[in-house]
Amino acid sequence: MCAPASLQGAPCRGGGASPCAAVRQKVNTGSKTVQKQRRTGAVREEHDRQAYALGSGGFFLGVKKCVLDEALLPVSGQLGEPGRSFGWVSRGLPLPPTGGSYAVEFVDKSHVFILAYIDPYGRAFSTEKPLTIPPAREPDLLFSKDTAASLTGRSNGFVRIREQLGETRDVARFSCASNAYELLDSWYDFGRYRAGLSYEDAMTRAYLAFVHRPSLGSVPVPSVGLTEVYRCLDNASFLASAKKLRDLFDRVGVDAALEPPALAESLMRWLDEAGLPGVLELGASDAAIRLVRTMRYAGTFYLSLEEDIGVSRKTIWALEGALNRFLLACERLDALATRAARATKEEISACDEELFETAAIQSIAELKAHDFPEATPGGEWDVRSKLGRAAELLRLPVRVDAKFRCDVASGLVALDLTAPGADLMPATTWMSDDDGAAGGHGLWMPVSTVAREAQAERYAFHLGLLLAAKAFEASPSIDRVELAVRFLGEEDSDLHDGGLLSAPMFPAYATVGLSRAAFEETDGFAFARASDPQSFFREAGARHFPDAIGSFVSVLVLPSAKLRRELPEIGKVPLSGFAAQALGVDDSTGMRINFDAALRRRGEDIADGVAQTTSASAAIRVVRQAQDAAQADFDERAINGCTRLMAALAEGKIDCEDQNAVVSCFLGADRCLTALGRAKTFAENDDVSQAVAVLQEAIAEAEALEGFVDTSLNARRAFDSYSSRVIYNLARRGDLPDPQAVRNDQSKYVELVPDSFYLCHLEVVRMLEHSFERSEEAVEYGRRSIAIAPTAGAGYRQLGRAYMLMGDMENAAQVLEECLRIAVQPNDIAMAYYQLAYVLWKLGRAEAGAACYAKSLATAPVMAMQATIELHELVEETGLPLPDQDKVDDTLVRLGVPLAPSKAVLDALERACVAAVDAGLFPVAQSILATRLRYRPDDALVNVLRSLD
């Protein structure tokens, strides 16, 4: 291992920084100075380096030196330099008392250039002269030993370097047993000099490769193993990550001394096969494709198309699949004690194949829905949330898209699985040559189309059976699962993977009905999930290319489906237990928010009957029968509508076949809606007084003629969403603290008013807000608008603005803070914070005002431009710093400003969502869950939301 004492005749191995012919010697009492010449492309500037004589100055006894073969591989772009060699010297030069050695370049048989001091503790310090005391600084290279004890007596650790700015990073691993070192997981190719090294050999070779060689102009060695690849992928932009990866491999590719791990090379090959070059050629912005690591569930990569750049959904799946094949292969190879960074191409190919063939035998952890209350075990919410979580917990090399519908009471689940086709299966496989087992030689060979089609079918069927098994496991009430499997089509290129609630519109590849008996007899389809599933599907009666496109027909034809679509606006079901408590009402009518939904449905049914008649008298009879039914239901509006419609039919004013006209006549004119149109015309002609008069007249008529006024027994209210209805119901019973005024409605029967009646009040406030003479009138109508819709933000914001324009900032702040305590819609919240920011600023609470501006910007972009301008004006006027976006919520709490939506409100909405699903109030659940997901995202619950369509 060590060279003889004499270097005569020793071969020169490896490249250096300058040719020997450029060295001019000047002997000075046991040392000589060598002037290095400047050369284009070299990193080092021209300077003199001193060559030290070995054994001079009393160190001539016991000179110990070692020349290392191929210790410094040539640097790209520089000439090879015959006659140069590198190694180490441990005696023959001054050393600190602790001992050690020097990494050196041998000038001749008795002189060396010192490159670094290597102490006995795994540290190397760059230096050009001998040292007599240990360096008092951080080392340039460190063998950092693992602190965990090894049962085999082997020590392991990382080779760590310090870069110019002081940062450290690991560039290799080392292992040592019986004083023999091995350098592992490095992109630098040590070749046959990787193992069996002495301490001095290992330290010197590591220093030369990782510190000295880069200082001469070579590419810095990437971080250890696959660390550099993961560092490139640590970015929210996929395109930025892909560019970093491409740049990394381009840099490494020009240096013959660097060899990427085979798995890293496979990642780049998979990305190229997925179409990365074409995507990069589009020149899209980095924000066009978002890269996410779904740590909450599967922990895999997810790509989301954020801009329409002409990239198909299939390409997104393929690119994402390349990342996940890399990720899962890393984990699997590490688990097999074959470090992923050291895996051979043959091992990688076999592992990649296993990822696809064994995807359906993975175990899925039983996780509870995050931050959600428990539901009835085996109920609608429980089953849907379990299926939603199972879909998100799948750790797959290429994603699938699973949609489902279910009716637990009927024991039925319908699953629709969109799977990757043959062109998303592995395109190449490693074929070893005759010496492949021993030498690792071989070739990546293309996989045939037939083989890829068969693999795609197995992959889809396997995962379909896995999800079907999870459906049966979700509840013992599930007796049957209808499974439809389809392959991703070329035409599917919608932004963000299509609409959230959209159903697949291309035909299924196969459908099959699976029974609980089959599930139990086959131990959850275990054998079919682990082997070729074709025979199982055949025996189960699978149909290939069925005529029907709809996957959920079996659920949608059930009687419950119609009720779920119509409740709560049409029909009535009692509520009890958890549902009554969470929704704050005893039956479904207490969740209605649409003034004329039920009346319109009755009118449409009448129009259908009238259209089938052949005479006015026959049509009138149809309407009379409908009126009798309305009288039995005590529905005054329907009774009056029938009377109006019969009169119009008798006078010949309506064509019986014009169903829209029949429905409109039955519903009657909306005086408030008409008034809003007239008022707009007057306002556009600068006749604001007349516009206000029209609105006030319509309001008065609606109150007098239609009873849109509160009494001791009734409360007439409006709601802008199902969330606001839930908040009202719970606050009315005292289960939520705000708004406090609605507790006066606790003993009253709540009836709805049309939105137009509420909007008339808001318009009066808006039109009068600039009139100083009528400011009190504006405030009064603002208060009335809040009384009509106490859980809708618009009334509070309009009244707050009226107070602000009057100069009453204290009342403006109070009203806007009340708004924030009940608001749930992002635009409402953003606008309320924007208004409150200005009010607080003018009240002398500049810090609170700045925080409100920042909160508005973070919530929704509706007031972004104005909020940004005013925030900078506030900062310039007061000298305050711009708010730290990460600390805005803490600042608001500290300064006594309400956070919206409040935790109490969100918690209440979550309980209401669960209750609405179990009670079959799907429109209610959809609306509330969509609101909840805006503030507390959860991928599994997005699947639940899709299932409610």
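Rules and cut-offs
- Residue numbers restart at each chain and count upward from 1, following the sequence in its written direction.
- Selection of residues for local features in this predicted model requires a pLDDT of at least 70, selection of side-chain atom pairs for listing and counting requires 80 or more, and totals for whole chains, interfaces and linings are taken over all residues.
- The side-chain numbers reported here are obtained from all heavy atoms of the structure, hydrogens and water having been left aside.
- Classification of ring pairs uses Phe, Tyr and Trp, with its six-membered ring standing for Trp, and accepts pairs whose centres are within 6.5 Å; under 30 degrees between planes counts as stacked, over 60 as edge-to-face, and the remaining range as tilted.
- Helical segments are the DSSP runs of H or I of at least four residues, strand segments are the runs of E of at least two, and each set is numbered from the N terminus.
- Every helix has an expected span of 1.5 Å times one less than the residues it contains.
- To sort residues, take the accessible area from a 1.4 Å probe on protein chains only and compare it with the maximum for the residue type: under 20% means buried, over 50% means exposed, and anything in between is partly exposed.
- When checking whether two residues touch, look at their non-hydrogen atoms; a contact exists if any pair is within 4.5 Å.
- Put plainly, a pocket is an open set of points on a 1 Å grid over the protein atoms alone with protein on both sides within 12 Å along at least five of seven lines, a cavity is a set where a 1.4 Å probe fits but cannot get out, and a lining residue has an atom within 4 Å of a point.
- Grid points are joined across faces, edges and corners, and a volume is the space filled by probe spheres set on the points.
- Note on residue classes: Ala, Val, Leu, Ile, Met, Phe, Trp, Tyr, Cys and Pro are nonpolar, Asp, Glu, Lys and Arg are charged, and everything else, Gly too, is polar.
- A pair of strands is labelled paired if DSSP reports no fewer than 2 bridges between them.
- Each axis is a line fitted through C-alpha atoms, and for a helix only the stretch in contact is used; angles between axes span 0 to 180 degrees, taken between their N-to-C directions.
- Confidence scores here are pLDDT values: one per residue, from the predictor, ranging 0 to 100.
- Excluding any residue in a salt bridge, patches collect residues exceeding 30% relative accessible area, merging like charges within 9 Å and nonpolar Val, Leu, Ile, Met, Phe, Trp and Tyr side chains within 5 Å.
- The Shrake-Rupley method, run with a 1.4 Å probe sphere, supplies the accessible areas, and residue values consider only the shown protein chains as cover.
- The term salt bridge refers to a pairing of a side-chain nitrogen on Lys or Arg with a carboxyl oxygen on Asp or Glu at a separation within 4 Å.

The name an unreviewed UniProt entry gives the protein is Tetratricopeptide repeat protein, with Xiamenia xianingshaonis as the organism.

Peer 1: What is the right way to look at the packing of aromatic side chains in this model?
Peer 2: Two aromatic rings, taken as a pair, are described by how far apart their centres are and by the angle between their planes. With the rule as written, the count across this model stands at 27 aromatic pairs. Pairing F143 with Y181 gives two aromatic rings, centres 6.2 Å apart and planes at 55°, and the pair type is tilted. With F143 in strand β9 (residues 141-145) and Y181 in strand β12 (residues 180-184), the pair connects residues that are 38 residues apart, well separated along the chain. An angle of 65° between the planes, with centres 5.3 Å apart, marks the rings of F708 and F757 as edge-to-face. Remark: F757 occurs in helix α24 (residues 755-768) and F708 occurs in the loop between α22 (688-705) and β22 (714-717); sequence separation between them is 49 residues. Site record: aromatic cluster; members linked through ring pairs are F461, F472, F487, Y509, F519, F525, F536, F537 and F545.

Peer 1: Could you clarify how one ought to interpret helix α8 (residues 380-393) in this entry?
Peer 2: One full turn of an α-helix is made of 3.6 residues, so residues set three or four places apart face in the same direction. Look at α8: 20 Å from first C-alpha to last across 14 residues, which is about the 20 Å you get at 1.5 Å a residue. The buried fraction of α8 amounts to 11 of the 14 residues, a majority that puts the element mostly inside the structure. Turning to α8, its buried residues number three or more, namely E380, W381, D382, V383, R384, S385, L387, G388, R389, A390 and L393.

Peer 1: When you look at the environment of A375 in this model, what are you seeing that I'm missing?
Peer 2: Note that A375 resides in the loop between α7 (345-357) and α8. By relative accessible area, which is 16% here, A375 ends up buried. As for A375 and V914, which are separated by 539 residues in sequence, their C-alpha atoms are 6.7 Å apart. Residues in contact with A375, not counting those within four places in the same chain, are W381, D382, V914 and D918.

Peer 1: Would you explain empty space enclosed by the protein in this entry?
Peer 2: To find leftover empty space, one rolls a probe the size of a water molecule over the atoms. By the definition in use, this model includes four cavities of 30 Å³ or more. Its residues assigned to classes, the lining of the second largest cavity shows four nonpolar, five polar and two charged.

Peer 1: Explain the sheet that holds strand β19 (residues 480-487) here, please?
Peer 2: What holds strands together in a sheet is hydrogen bonding between their backbones, with the strands either parallel or antiparallel. Strand order across the open sheet formed by five strands is β15-β16-β19-β20-β21, with mixed pairing between neighbours. On the outer flanks of this sheet lie β15 (401-407) and β21 (543-544), each paired with one strand and no other. Two strands pair when backbone bridges link them, and strand β16 (residues 412-419) and β19 are joined in this way by eight bridges, in the parallel orientation. Its bridge partner lying in β19, L417 is registered against V485. Here helix α10 (residues 449-474) sits on the sheet in contact with β15, β16, β19, β20 (510-515) and β21, set at roughly 155° to β19.

Peer 1: Before we go on, may I ask you to explain the confidence of the model for the protein in this structure?
Peer 2: As a note on interpretation, predicted positions should not be read in detail where pLDDT is low. Of the residues in the protein, 89% reach a pLDDT of 70 or more, and the chain-wide mean stands at 89. Segment residues 435-439: pLDDT under 50, and three contacts once partners within four positions in sequence are set aside and those in other chains are kept. Here residues 493-505 is a poorly scored stretch, pLDDT under 50, and it has 27 contacts once near neighbours within four places are set aside; other chains count.

Peer 1: Quick question: what am I supposed to make of a nonpolar patch on the surface here?
Peer 2: A surface patch of nonpolar side chains, about 280 Å² in accessible area, is lined by M431, L443 and M445. By the secondary structure assignment, M431 is in strand β17 (residues 428-432). Of the residues examined, M431 reaches a relative accessible area of 47% and is grouped as partly exposed.

Peer 1: Explanation requested: the pairing of strand β11 (residues 168-177) in the structure shown.
Peer 2: The two faces of a sheet get side chains in turn, since along a regular strand they alternate between them. Of all 10 residues in β11, seven are buried, a share of seventy percent or more. With eight bridges joining them, strand β10 (residues 155-162) and β11 adopt antiparallel strand pairing. Residue I161 lies in a different strand from β11, and its bridge partner there is R169. Where β10 hands over to β11, the hairpin turn is made up of five residues, of which G166 adopts a positive phi near 95°. Counting the residues that bridge the hairpin from β11 to β12 gives two residues, and of these S178 lies at a positive phi of roughly 55°.

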